[in-house]
Amino acid sequence: MQAKNIVILNGSPRREGNTSALIAAFTQGAQEAGHQVKTFLLHQLHLQGCQGCFRGRSTDACPCVIQDDMNDIYPAVREAQVVVLASPLYYWNLSGQLLTALDRLFALEEGGQNLLRGHERGAVLLMAAEGSEFQIPKAYFELLLKRLKWRSLGMVCAGGVMDLGDIKGRPEIDAARALGRSL
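Keep in mind the model is a prediction, meaning the values are calculated, not measured.

1. Overview of the sheet that holds strand β4 (residues 122–128)
Turning to step 1, where the next piece is worked out: Sheet architecture is open: five strands sit in the order β2-β1-β3-β4-β5, paired in parallel fashion. Unpaired on one side and paired on the other, β2 (36–41) and β5 (151–158) mark the two borders of the sheet. Across the sheet, the axes of successive neighbouring strands diverge by a mean angle of 15°, strand direction being ignored.
Turning to step 2, where the next piece is worked out: Bridge count between strand β3 (residues 82–88) and β4: seven bridges; the pairing is parallel. The residue bridging S87 from the neighbouring strand is M127, located in β4.
Turning to step 3, where the next piece is worked out: Packed on one face of the sheet, helix α4 (residues 135–148) meets β3, β4 and β5 and runs near 170° to β5.

What follows is the structure in structure tokens.
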């Protein structure tokens, strides 16, 4: 098995929350399998929303006309073989932090080369929520991967975990660790 570069986009503002526990277990499994993992805590970054200007240049080191902390994410995603979308369930969907970062990745498709679609990438979805209605983010994830021509490598969605630490001892932690190890 060849070592992979894995990028985790953490859309949770709770550094010690249930989504972060899923990420920690996934990361442990991936590192045990010899993969390199880089996590971006999106709530700590300065990320502006996409302006829909279509002036990005995928071949530039910083492809978007907006100059903010996405400039750290772009090169990591370019080099990644696996992109992990991690989020709590917010209003029946991915968090705004994660959706903003995903919108801004479009700059890797503008002008010059298309550096996002295809390229033999895989993706993972990790989510935690008080409820268990993951249909909308799962459908979004599947459609996004279809459009990007990425492979789905798996999903781990933990419902019924509202308070910090609720996920401790849950089977989803083991599933996230196993998923990371399986890549």
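2. Looking at the packing of helix α1 (residues 18–32) against helix α5 (residues 171–182)
Turning to step 1, where the next piece is worked out: For the pair α1 and α5, the least separation of the axes is 6 Å and the interaxial angle reads 35°. The two elements α1 and α5 cross, and the hand of that crossing is right-handed. Between α1 and α5, the residues in contact are A21, L22, A25, F26, Q28, G29, A30 and E32 and E172, I173, A176, R177, L179, G180 and R181, respectively.
Turning to step 2, where the next piece is worked out: Classifying every residue of the contact of α1 with α5 gives eight nonpolar, three polar and four charged.

Rules of the game
- One numbering rule holds for all chains: residues counted from 1, following each sequence as written.
- Per-residue local features are limited, in this predicted model, to residues with pLDDT of at least 70; the limit for side-chain atom pairs, both in listing and counting, is 80 or more; totals at the level of whole chains, interfaces and linings are taken over all residues.
- As a rule here, side-chain values come from all non-hydrogen atoms in the structure, and water together with hydrogens is ignored.
- Here, strands pair whenever DSSP counts at least two bridges between them.
- Per the convention used, a helix needs a DSSP run of H or I reaching at least four residues, while a strand needs a run of E reaching at least two, with both numbered from the N terminus.
- For helices, the fitted axis covers only the stretch in contact; all axes are lines through C-alpha atoms, and the angles between them, taken along N-to-C directions, range from 0 to 180 degrees.
- Contact criterion: two residues are considered in contact whenever any of their non-hydrogen atoms come within 4.5 Å of each other.
- Crossing chirality is assigned from the near helix's rotation relative to the far helix, an anticlockwise turn below a right angle marking it left-handed and a clockwise turn marking it right-handed.
- In this classification, the charged set is Asp, Glu, Lys and Arg, the nonpolar set is Ala, Val, Leu, Ile, Met, Phe, Trp, Tyr, Cys and Pro, and all remaining amino acids, among them Gly, are polar.

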